[in-house]
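These are the residues of each chain, in order.
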Amino acid sequence: MAPRVLGFIKGFFVYETAKSVVVKSWSVGIINRIVQLLIILYFICWVFMHEKAHQLRDTGIESAVMTKVKGLGNFNDRVMDVADYVIPSQGASSFSIITNMVVTANQTQGYCPEIEKKFSCTSDGDCEKKIGLNIGNGMITGKCLNDNGTSNDTWRCEIQGWCPAEDDTISGKPMHEVENFTIFIKNSIRFPLFGVARGNFPSSLNRSYIQSCNYDPVRHPFCPIFKVGDILKHLNQSLENITKIGGEIGININWKCNLDYDEENCNPKYFFTRLDAAFEHSSVSKGYNFRFAKYYQSEDGTEYRTLHKAYAIRFEIIVSGNAGKFNVVPFLINLVAAFTSVGLATVFCDIILLNFHKGADEYKAKKFEEVSGVVPESGSNILYKGSQVSIKALEKNSNDSGTFSIGRQEM
């Protein structure tokens, strides 16, 4: 055990220094330069030009979004304006445009039979088993009622709640006019690290242009007006399907700014995504819907309501981005990394020379030496006692400066 420990200690306290060996080989030399060139091109093209590694980046973007929808539609022979179909109405970054509804009017608190077939019954015992379930339109009382008194198929469990119960299998014709609705998006952002604030459309745009333009990535890239039909075309979505059952759409506003140039060149790019695409083929839950009610009171004080089950297109405005500007610290760090990485070409060529080159044995002999002591500099041939030189190489001694030259050999 002791010799091993001693050997480890001796091996630990050694010093290694570089030795220059010149290999005169066209093949190895060409490989060395090609690898060095590839490394340099990688840092120039990818690290500095594409990734902008020489810049200080601000990813903490601050953002505010205001939206406004315009358009008129028709649902069940009723003209619908913005106040009827946009929820919520405050113009937030997340809003819904109602395209289809199931309306249950004049509901009052009381007792009535359920509508769905899963609440079918033949006796009170069938309904007692369903007491406590929260899957219906009200609280199950445990009684079995005949809705019209003519057929056994119409027997349903009684509920206590808002009556009559909602039948969501009946719906009107979807509001297809939504295709021509427009969405105005006003987005202001700020990069606090650099103190730069920008808006999604230039302040030089006049009112007449904004009122007449629709966003187009080529012809009108700065227009803040988005036509719903154009968004659906970008996503390759069916107007008939999405107005019938609803859906969720994301409008991505991406800010990627290079502040080494003028701030006026810092402009957003828009992308559109179907956020609920993962459930497009689901048999359990498709589209997007929600319920809301409008409450009233009759002259005698009775409260009643109109229940709406709304199918809608939900829009989510998602803002992301970052900004970069030249900074000495990241530039020097990546510049040093580039120069250091060029040395990988030497490692690669060493692997070739030590394992695959015809002169591998000679290269090993010249490259690796073990010196057990230090030979003092002296002009004479005197050998000092206690100083011994052991060189594991083809040559026992070398009088040059440590640079060896191996003759030109090809692989």
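Quick caveat: nothing in here was measured; it's all calculated off a predicted structure. (Residues numbered from 1 in each chain as written. Predicted model: local features only at pLDDT ≥ 70, side-chain atom pairs only at ≥ 80, totals over all residues. Heavy atoms only, no water.)

Peer 1: Could you clarify how one ought to interpret the overall build of the chain in this entry?
Peer 2: Per the secondary structure count, the chain includes 10 helices and 17 strands. A total of 411 residues make up the chain; the buried ones form 34% of that total. Pairs at least 24 residues apart make up 69% of the contacts formed inside the chain by residues separated by at least 6 positions. With an accessible surface of roughly 26,000 Å², the chain has 55% of that area assigned to carbon and sulfur atoms. (Helix = DSSP H or I, 4+ residues; strand = E, 2+ residues; numbered from the N terminus. Buried < 20%, exposed > 50% of the residue type's maximum accessible area, 1.4 Å probe, protein only. Contact = heavy atoms within 4.5 Å. Areas by Shrake-Rupley, 256 points an atom, 1.4 Å probe, with all protein chains shown as cover.)

Peer 1: Even after reading the chapter, I still don't get unusual backbone geometry, so can you show me in this structure?
Peer 2: Trans is the common state for peptide bonds, and a negative phi is the common state for residues other than glycine. A cis amide bond, omega -10 degrees, links Ile87 with the succeeding residue Pro88. Checked against the element boundaries, Pro88 lands in the loop between β6 (86-87) and β7 (94-113). Residue Cys163 is joined to Pro164 through a cis peptide bond whose omega torsion reads 0 degrees. One can find Pro164 in the loop between β9 (155-163) and β10 (182-191). Backbone geometry at Asp77 places phi at a positive 60 degrees, although glycine is not the residue there. Relative to the elements of secondary structure, Asp77 occurs in the loop between β4 (73-75) and β5 (78-80).

Peer 1: Can you help me understand the side chain of Ser341 in this one?
Peer 2: With respect to the helices and strands, the residue Ser341 is situated in helix α8 (residues 328-342). Setting aside residues no more than four positions away along its own chain, Ser341 makes contact with Ile39 and Phe43.

Peer 1: What's the story with a positive patch on the surface in this structure? I'm lost.
Peer 2: Judged by side-chain charge, Lys68, Lys70, Lys186 and Arg207 come together as a positively charged surface patch. Position of Lys186 among the secondary structure elements: in strand β10. Residue Lys186 is classed as partly exposed on the basis of its relative accessible area, which comes to 45%. (Patch = residues over 30% accessible without salt bridge, like charges linked within 9 Å, V, L, I, M, F, W, Y side chains within 5 Å. Salt bridge = Lys/Arg side-chain N within 4 Å of Asp/Glu carboxyl O. Lys, Arg positive; Asp, Glu negative; His and termini not counted. Charge placed at Lys NZ, Arg CZ, Asp CG, Glu CD.)

Peer 1: Can you help me understand the packing of helix α2 (residues 26-50) against helix α9 (residues 344-355) in this one?
Peer 2: For any two helices packed against each other, one specifies the crossing angle of their axes together with the interaxial distance. Taken N-terminus to C-terminus, the directions of α2 and α9 make an angle of 150 degrees; their axes are 9 Å apart at the nearest point. In terms of orientation, α2 and α9 fall into the roughly antiparallel class. Along this stretch, α2 crosses α9, giving a crossing that reads as right-handed. Contacts from Val28, Ile31, Asn32, Val35, Gln36 and Ile39 of α2 reach α9 at Leu344, Ala345, Thr346, Phe348, Cys349, Ile352 and Leu353. (Axes fitted to C-alpha atoms, helices over the stretch in contact; angles between N-to-C directions. Parallel < 35°, antiparallel > 145°, perpendicular 65-115°, else oblique. Left-handed = near helix turned anticlockwise from the far one by under 90°.)

Peer 1: I tried to follow the side chain of Asn252 on my own but got confused; where do I start?
Peer 2: Structurally, Asn252 can be placed in strand β13 (residues 247-258). Side-chain polar atoms of Asn252 contact the side chain of Thr273, separated by 3.4 Å. Those residues in contact with Asn252 that sit more than four places away from it in its chain are Lys269, Tyr270, Phe271, Phe272, Thr273 and Ile318. (Polar contact = N/O pair within 3.5 Å; in protein donor to acceptor, adjacent residues only side chain to side chain.)

Peer 1: Even after reading the chapter, I still don't get the packing of aromatic side chains, so can you show me in this structure?
Peer 2: We describe a pair of aromatic rings using the distance from one ring centre to the other and the angle between the two ring planes. Counted under the stated rule, the structure contains 15 aromatic pairs. With a centroid separation of 5.9 Å and an interplanar angle of 65 degrees, the aromatic rings of Trp162 and Tyr295 are classed as edge-to-face. Within this pair, whereas Trp162 is found in strand β9, its partner Tyr295 is found in strand β15 (residues 289-297), the two being separated by 133 residues in sequence. Its relative accessible area of 15% is what places Trp162 among the buried residues. The partly exposed category is assigned to Tyr295, whose relative accessible area is 45%. An aromatic cluster of three or more residues is present, and its members are Tyr215, Phe226, Tyr270 and Phe272. (Phe/Tyr/Trp six-rings, centres within 6.5 Å; stacked < 30°, edge-to-face > 60°.)

Peer 1: Any chance you could explain the nonpolar core here in plain terms?
Peer 2: Grouped burial of nonpolar side chains is what soluble globular proteins tend to show. One finds Tyr85, Ile97 and Phe315 to be the most contacted residues of the largest nonpolar core, which totals 42 residues. Listing elements by their share of this core, those giving two or more residues are β7, β10, α6 (228-235), β13, β14 (268-274) and β16 (303-326). Looking at this core element by element, the count peaks at six residues for β16. Sequence-distant contacts of Ile97, that is, excluding residues within four places in its chain, are made with Val69, Tyr85, Val178, Phe181, Val228, Tyr311, Ala312, Ile313 and Phe315. With 10 residues, the next largest nonpolar core counts Cys112, Ile140, Cys144 and Ala165 among its residues. (Core = buried A, V, L, I, M, F, W, Y, C linked by side-chain atoms within 4.5 Å.)

Peer 1: Honestly, the confidence of the model for the chain in this entry has me stumped. Any pointers?
Peer 2: The predicted coordinates of low-pLDDT regions are not to be read in fine detail. Overall, the prediction assigns the chain a mean pLDDT of 84, with 86% of residues at 70 or greater. Within the model, the stretch residues 379-404 combines pLDDT values under 50 with 34 contacts to residues more than four positions away or in other chains. (pLDDT = per-residue confidence, 0-100.)

Peer 1: Sorry if this is basic, but what is going on with the pattern of salt bridges here?
Peer 2: For side chains bearing opposite charge, pairing can occur when the charged atoms are close. A complete count under the given rule lists nine salt bridges for this structure. In this structure, Arg291 engages Glu166 in a salt bridge whose closest nitrogen and oxygen atoms are separated by 2.8 Å. One end of the pair, Arg291, is in strand β15; the other, Glu166, is in the loop between β9 and β10, and 125 residues separate them in sequence. Judged by its relative accessible area of 45%, Arg291 falls in the partly exposed class.

Peer 1: Mind showing me how you'd approach α8 here?
Peer 2: In an α-helix, one turn spans 3.6 residues; hence positions three or four apart end up facing the same way. In a regular helix each residue adds 1.5 Å, so 15 residues correspond to 21 Å; α8 covers 21 Å between its end C-alpha atoms and thus fits that length. In this fold, the buried residues of α8 make contact with α2, β2 (55-58) and α9. Where α8 starts, the residue carrying a side-chain oxygen 3.1 Å from the main-chain nitrogen of Val329 turns out to be Asn327. (Expected span 1.5 Å × (residues − 1).)

Peer 1: For this particular structure, what's the right way to read the packing of α2 against α8?
Peer 2: Taken N-terminus to C-terminus, the directions of α2 and α8 make an angle of 160 degrees; their axes are 9 Å apart at the nearest point. If you check the angle between α2 and α8, you find them roughly antiparallel. The handedness of the crossing between α2 and α8 comes out as right-handed. Residues Gln36, Ile39, Ile40, Phe43, Val47 and Phe48 of α2 form the contact with α8, whose own contacting residues are Phe331, Asn334, Leu335, Ala337, Ala338, Ser341 and Val342. When its residues are assigned to classes, the contact of α2 with α8 shows 10 nonpolar, three polar and no charged. (Nonpolar A, V, L, I, M, F, W, Y, C, P; charged D, E, K, R; others polar.)

Peer 1: Would you take a moment to explain the state of the cysteines for this structure?
Peer 2: The bond known as a disulfide is covalent and runs between the sulfur atoms of two cysteines. Under the criterion given, the structure shown has five disulfides. Sulfur-sulfur distance for the disulfide between Cys127 and Cys157 comes to 2.2 Å. Of note, the bridge from Cys127 to Cys157 carries an S-S torsion of about -95 degrees and is left-handed in sense. Of this pair, Cys127 sits in helix α4 (residues 124-128) while Cys157 is found in strand β9, placing the two residues 30 residues apart along the sequence. (Disulfide = S-S within 2.5 Å.)

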